[in-house]
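Close look at the chain arrangement
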Amino acid sequence: MDPILVTNNLIDGVLMGMLYSLVALGLALIFGVMDIINFPHGDYVMIAAYISWLIAMAFWVDPSVTALLTVPLFFLFGVAIYKSVIHPILGAEPLIQIAVTVGLGYVLENIALAIWHAEPKSFPAPWFNFGLNFGGLSISVAKLIAATVSVISLYLTHWLLTKTKFGLAMRATSANRLIAPLMGIDVEKVYSVTFGLGIALTALGASLYMMWAQTNPYLGSSFSLLAWVIVAMGGLGGVVGVIYSGLIVGVLEALGNTFISPSARLAVIYLAFFLVLWFRPRGLFAKR
Amino acid sequence: MSTPMLQLRSVEAGYGEFRVLHGINLRVDKGEIVALVGPNGAGKTTTLRTILHMTTLYRGEITFEGKDITKVPTHKIVEKGITMVPEGRGLFNPLTVYENLLAGAYTKKAMEKLEDSLEFVYSLFPRLKERRSQVAGTLSGGEAQMLAIARALMSRPKFLMLDEPSLGLAPKIVLEIFDTVVKLRDLGTTILIVEQHVKNSLEIADRAYVMEMGQIVLEGEGRALLSDERLRKAYLII
Ligand SMILES: Nc1ncnc2c1ncn2[C@@H]1O[C@H](COP(=O)(O)OP(=O)(O)OP(=O)(O)O)[C@@H](O)[C@H]1O
Ligand SMILES: [Mg+2]
């Protein structure tokens, strides 16, 4: 095996891992703070990728720039979904939550199918989709930008959670939602902002991803799976746990790609996932 | 007669379809300690939670400083100056002692007085200052109860409700908690306390209510109730 190719793929895996962490962070927030199982998390990435593509085509700008619109738009979309669909199932049986959120995912998928059909869409004139070469090594500039923005966003979210008053309200609500109101915390507000934020992060991930990739109606399910694996592996490790398990997933994907075959990538991730859950059922970063 | 700080009139409340309170009349005046006692399942916790809009209210009126609060959401009631040390403490276990206190001072008014309040609760419970970076979930029972009380005080309540603050604590700590309650009253906080330690609480209470099966069955001055034959029999106070 060519060492340069392996190194290239590993770097790619690390960069992709950061993007996956970003998407998974939204899921982790929604699950951690609201105890809502947002199964079709990746479908929000998929829809956001289309919206990003539409805006890029309309203004003829790189999809990364469209994040300026998709992120606030999806924050509002998240709040609207929370108020209309999620709020009524808060505290309902897990089965009902699964049915409703999974159903919502199918609705999003079918909307995409109806409007854009199954053919993939990508922006034809991307600005950053080229490689930087260092003696044989080639690093994708688009992915480097995506990873950098992801890391910054992960850090900002960590800062929000640990250093701000609203973050304290989010963590208090997560720890004990019945008691939080006794502090004067408006739990409804915490919930709608958390859901909006979680969905806004998927939009950021999508606009970054579209710098080099294509979207199709089924993009959602692979992002959902990745996000779920990352959150489950990250356990109770907070933002840091999400970053590490995102890295692991990105690198594993790259290794599977390199050493086995591109079609084996998800299988490798799953195998690792089962091994982790076997030995550390509460996740890699759980305290107990 | 001046307006009571808190007044419940014919309050009927419960959980969904399940009625627990059947017409509660209760009053707390400014500067008082009022005790609410009664057997398990009588509805004491439900009464406190109903005041904070955490149950279903079917009928009746609840006023705080003369204003109706039955339609006010819990977090807004807290802003008005009521709070509760909940049954079982209800700490934010993964958060540190300091973060729990910070959360207690979440309202705008309370946040402005944060430094003062911290100093006050640390002087009341020096143990908490030593343990401020410790995760709340790892505190001992006594420390946890101190934190629950301190966290409630961080919101600068005019009116503080305590639900069985001495539950599961060693006798010496129980006495400390009762001393603290008296101290808080002397510093100007009005208090409604639910207790299993009937004798202790009646001794410190200005007035008390006895509750059974969702109704008030007896009321009077704390010490007078202590010598009430019915109460002594029911609670085996000798
Ligand atoms: N969340 C709830 N949902 C339904 N019923 C409840 C709930 N909480 C309490 N109850 C019921 O309401 C009744 C009164 O309970 P409550 O907790 O108010 O009693 P209590 O006087 O505080 O008792 P204890 O001394 O044991 O704390 C009980 O029959 C109880 O089963
Ligand atoms: Mg009780």
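Parameters at a glance
Residues numbered from 1 in each chain as written. Chains lettered and ligands numbered in written order. Predicted model: local features only at pLDDT ≥ 70, side-chain atom pairs only at ≥ 80, totals over all residues. Heavy atoms only, no water. Salt bridge = Lys/Arg side-chain N within 4 Å of Asp/Glu carboxyl O. Helix = DSSP H or I, 4+ residues; strand = E, 2+ residues; numbered from the N terminus. Pairing = 2+ DSSP bridges. Contact = heavy atoms within 4.5 Å. Buried area = accessible area lost by both parts, 1.4 Å probe. Polar contact = N/O pair within 3.5 Å; in protein donor to acceptor, adjacent residues only side chain to side chain. Nonpolar A, V, L, I, M, F, W, Y, C, P; charged D, E, K, R; others polar. Phe/Tyr/Trp six-rings, centres within 6.5 Å; stacked < 30°, edge-to-face > 60°. Buried < 20%, exposed > 50% of the residue type's maximum accessible area, 1.4 Å probe, protein only. Lys NZ or Arg CZ within 6 Å of the ring centre and 35° of its normal. Donors = N, O, S within 2.8 Å, 3.2 Å for Na, K, Ca; no water. Patch = residues over 30% accessible without salt bridge, like charges linked within 9 Å, V, L, I, M, F, W, Y side chains within 5 Å. Areas by Shrake-Rupley, 256 points an atom, 1.4 Å probe, with all protein chains shown as cover. Axes fitted to C-alpha atoms, helices over the stretch in contact; angles between N-to-C directions. Parallel < 35°, antiparallel > 145°, perpendicular 65-115°, else oblique. Left-handed = near helix turned anticlockwise from the far one by under 90°. Domains from an automatic or database assignment. Near = heavy atom within 4 Å.

Glancing now at the pattern of salt bridges. Residue and element names in this part refer to chain B. According to the stated counting rule, one finds 16 salt bridges over all chains in the structure shown. Between Glu12 and Arg19 there is a salt bridge, and its shortest N-O distance comes to 2.8 Å. A salt bridge links Glu12 to Arg59, with the nearest nitrogen and oxygen atoms 3.3 Å apart. On the criterion of sequence distance, the pair formed by Glu12 in strand 1 (residues 6–15) and Arg59 in strand 4 (residues 56–64) is long-range, its members being 47 residues apart. A single network of salt bridges, built from pairs that share partners, joins Glu12, Arg19 and Arg59.

Residues and elements named next belong to chain A. Pairing of strand 1 (residues 131–134) with strand 2 (residues 137–140), which is carried by 4 bridges, proceeds in the antiparallel orientation. In the sheet register, Gly131 faces strand 2, and the bridge partner there is Ser140. From the end of strand 1 to the start of strand 2, which pair antiparallel, there are 2 residues, and Gly135 there has a positive phi angle of about 40 degrees.

Listed per partner, the contact involves 21 residues of chain B and 17 residues of chain A. Summed over both sides, the interface between chain B and chain A buries roughly 1700 Å², with carbon and sulfur atoms accounting for 72% of that surface. On the chain B side of the contact with chain A, His75, Phe92 and Tyr106 of chain B bury the most area, a combined 40% of that side's loss. Between chain B and chain A we count 1 salt bridge in total. Where Glu99 of chain B meets Arg171 of chain A, a salt bridge forms, and the shortest distance between an N and an O atom there is 3.0 Å. Linking chain B to chain A there are 3 residue pairs in polar contact (both at pLDDT 80 or more). Ranked by residues supplied to the side of chain B that touches chain A, first place goes to helix 3 (residues 97–104) of chain B with 4 residues. Among the residues making up the side of chain B that touches chain A, the classes are represented as 13 nonpolar, 6 polar and 2 charged.

For the structure on display, the rule yields 13 aromatic pairs over all chains. With a centroid separation of 6.1 Å and an interplanar angle of 80 degrees, the aromatic rings of Tyr20 of chain A and Phe223 of chain A are classed as edge-to-face. Of the two residues, Tyr20 of chain A sits in helix 1 (residues 3–34) while Phe223 of chain A sits in helix 8 (residues 219–234), which places them 203 residues apart along the sequence. With a relative accessible area of 4%, Phe223 of chain A lands in the buried category. An aromatic cluster is built from Tyr20, Tyr209, Trp212 and Phe223 of chain A, whose rings are joined through pairwise contacts. The ring of Tyr106 of chain B has Lys165 of chain A lying over it, and the distance from NZ or CZ to the ring centre is 4.6 Å.

Structurally, the α-helix is built with 3.6 residues per turn, so residues lying three or four positions apart point the same way. For helix 6 (residues 165–175) of chain A, the set of buried residues is Phe166, Gly167, Leu168, Ala169, Met170, Ala172 and Thr173 of chain A. Where helix 6 of chain A is buried, its residues contact helix 1, helix 5 (141–163) and helix 7 (187–209) of chain A together with helix 3 of chain B.

This brings us to the coordination of the magnesium ion (ligand 2). Tetrahedral coordination by four donors places them ideally at 109.5 degrees to one another around the metal; octahedral coordination by six donors ideally gives 90 or 180 degrees. The magnesium ion (ligand 2) binds to the protein through Thr45 of chain B (OG1) and Glu87 of chain B (OE), with metal-donor distances spanning 1.9 to 2.4 Å. Note that Thr45 of chain B is positioned in helix 1 (residues 44–51) and Glu87 of chain B in the loop between strand 6 (82–85) and helix 3, a separation of 42 residues in sequence.

Here we take up a nonpolar patch on the surface. Taken together, the side chains of Met1, Leu5, Phe259 and Ile260 of chain A define a hydrophobic patch exposed on the protein surface, amounting to about 440 Å² of accessible area. Relative to the assigned elements, Phe259 of chain A resides in helix 9 (residues 238–260).

For the rest of this paragraph, the subject is the packing of helix 5 of chain A against helix 7 of chain A. Residues and elements named next belong to chain A. At a closest axis distance of 10 Å, the pairing of helix 5 and helix 7 adopts a crossing angle of 165 degrees. On the basis of their axis angle, the class for helix 5 and helix 7 is roughly antiparallel. Handedness of the helix 5/helix 7 crossing: right-handed. Counted together, Ala146, Val149, Ser150, Ser153 and Leu160 of helix 5 and Leu197, Leu204 and Leu208 of helix 7 form the full contact between these two elements. By residue class, the composition of the contact of helix 5 with helix 7 is 6 nonpolar, 2 polar and no charged.

All names here are of chain B. Considered domain by domain, chain B is made up of domain 1 (1–81 + 158–238) and domain 2 (89–156). A separation of 23 Å is found between the C-alpha centroids of domain 1 and domain 2. Of the residues lining the interface, 16 residues belong to domain 1; the matching set on domain 2 comes to 14 residues. Between domain 1 and domain 2, roughly 1100 Å² of surface is buried when both sides are summed, and carbon and sulfur atoms account for 77% of that area. When contributions to the side of domain 1 that touches domain 2 are tallied by element, the ones reaching two or more residues are helix 2 (74–80), strand 7 (159–163) and helix 8 (171–186). Here the element with the most residues in the side of domain 1 that touches domain 2 is helix 8; it accounts for 6 residues. Looking at side-chain class alone, the side of domain 1 that touches domain 2 contains 10 nonpolar, 1 polar and 5 charged residues.

All names here are of chain B. Within the structure, ligand 1 sits among 14 residues, and Gly41, Lys44, Thr45, Thr46 and Glu87 are positioned closest to it. Between ligand 1 and Asn40 there is a distance of 2.9 Å, counted from an oxygen atom to a side-chain nitrogen or oxygen. At 2.7 Å, a side-chain N or O of Lys44 approaches an oxygen atom of ligand 1. About the coverage of ligand 1: the protein hides 64% of its 630 Å² of free accessible area. Among the elements of the structure, strand 2 (18–28) and helix 1 are those that each provide at least two residues to the shell around ligand 1. With 3 residues, helix 1 is the single largest residue contributor to the shell around ligand 1. Looking at the shell around ligand 1 residue by residue, the classes come out as 5 nonpolar, 6 polar and 3 charged.

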